[in-house]
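A closer look at the structure
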Amino acid sequence: MQNKTEKIIKAYYERIIKNNDWSYNFTHKSNTITSIHFLLDEIAGEKSLPSLKNASLTRILSALRILQQTRKKMIALYHERIPKFQWILLGFLAIVLFSTLSVIPSHLMIFNSILKGVFASSIVFVFILLSKFDRLKFFDKSIGEDSAKDVLDIFEGKK
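What you are looking at is a predicted structure, and each value in this text was computed from that prediction instead of being measured. (Residues numbered from 1 in each chain as written. Predicted model: local features only at pLDDT ≥ 70, side-chain atom pairs only at ≥ 80, totals over all residues. Heavy atoms only, no water.)

Digging into the nonpolar core
For soluble globular proteins, nonpolar side chains are generally found buried alongside one another. Stated formally: In these notes, a set of buried Ala, Val, Leu, Ile, Met, Phe, Trp, Tyr and Cys residues joined through side-chain atoms within 4.5 Å is what counts as a nonpolar core. For the exposure calls, accessible area comes from a 1.4 Å probe over protein chains only, and a residue counts as buried if that area is under 20% of its type's maximum, exposed if over 50%, partly exposed in between. The secondary structure listing takes helices from DSSP runs of H or I that are at least 4 residues long and strands from runs of E that are at least 2 residues long, numbered from the N terminus. By definition in these notes, contact holds between two residues if any of their heavy atoms fall within 4.5 Å.
Membership of the largest hydrophobic core is limited to eight residues, which are Ile8, Ile33, Ile36, Leu39, Leu40, Ala44, Leu57 and Leu64. No other element matches the four residues that helix 3 (residues 32–43) contributes to this core. With residues up to four places along the chain from it excluded, the contact list for Ile8 reads Thr32, Ser35, Ile36 and Leu39. Counting five residues, the second largest nonpolar core, distinct from the first, contains Tyr13, Ile16, Trp22 and Leu152.

With respect to the side chain of Ser30
We apply this condition: Identification of polar contacts relies on pairs of N or O atoms within 3.5 Å, with a donor-acceptor requirement for protein atoms, meaning one able to donate a hydrogen and the other able to accept it, and with residues adjacent in sequence counted only if both atoms are side-chain atoms.
Assignment of secondary structure puts Ser30 in the loop between helix 2 (24–27) and helix 3. In this structure Ser30 comes out as buried when scored by relative accessible area, which is 18%. For Ser30, the side chain forms a polar contact with the side chain of Thr32, separated by 3.3 Å. Apart from the residues within four sequence positions on either side, Ser30 is in contact with Tyr12, Arg15, Asn25 and Arg71.

Here's the deal with helix 6 (residues 110–134)
Selection criterion: Expected helix span is taken as 1.5 Å per residue step, with the number of steps being one fewer than the number of residues.
Between its first and last C-alpha, helix 6 extends 36 Å over 25 residues, near the 36 Å set by a 1.5 Å rise per residue. Lys116, Ala120, Ile123 and Asp134 are the residues of helix 6 that are buried. Buried residues in helix 6 make contact with helix 5 (84–102).

Brief notes about a nonpolar patch on the surface
Note the following rule: Candidates for patches are residues over 30% relative accessible area with no salt bridge; among them, like charges are joined within 9 Å and nonpolar side chains (Val, Leu, Ile, Met, Phe, Trp, Tyr) within 5 Å. Per-residue accessibility takes into account occlusion by the displayed protein chains alone, with areas from the Shrake-Rupley method and a 1.4 Å probe. Here a salt bridge means any side-chain nitrogen of Lys or Arg lying within 4 Å of a carboxyl oxygen belonging to Asp or Glu.
Together, Phe85, Leu89, Phe92, Leu93 and Val96 make up a nonpolar patch on the protein surface, roughly 510 Å² of accessible area in all. Mapped onto the elements of the fold, Phe92 is located in helix 5. When its relative accessible area of 52% is taken as the criterion, Phe92 is described as exposed.

Here it is as structure tokens:
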């Protein structure tokens, strides 16, 4: 059972890493959780299990239920995007801020020039952060990819 479960989990992570898209399983059909359910049904089925195996099976099913709930929450979060109209409104407000910033005199004033540059940069960085948060891409490399590679390394016996 462990080997079959390993294959299912490996396929899940390899698909994500291959496409380099952590939202891949939110935008495409995924059968990871159902495959594990079918595997459990195939192994245990209608058999009467000793209490320890039954307790283990119950814990696995509970974990799968939590995974399914988490997946549904992530899909809902993925679909809660900033609408195009709000992006247009934010862009308009940024243009107003840049226009206002450009009329502040800073010729031959080093401090004012630095302040204008920092303020303009902060507007750009806010847009970049908003975009990354909106697409759920903020931690995908540092947390998601490292976690996936860690799981695959465990399967391969490297850890």
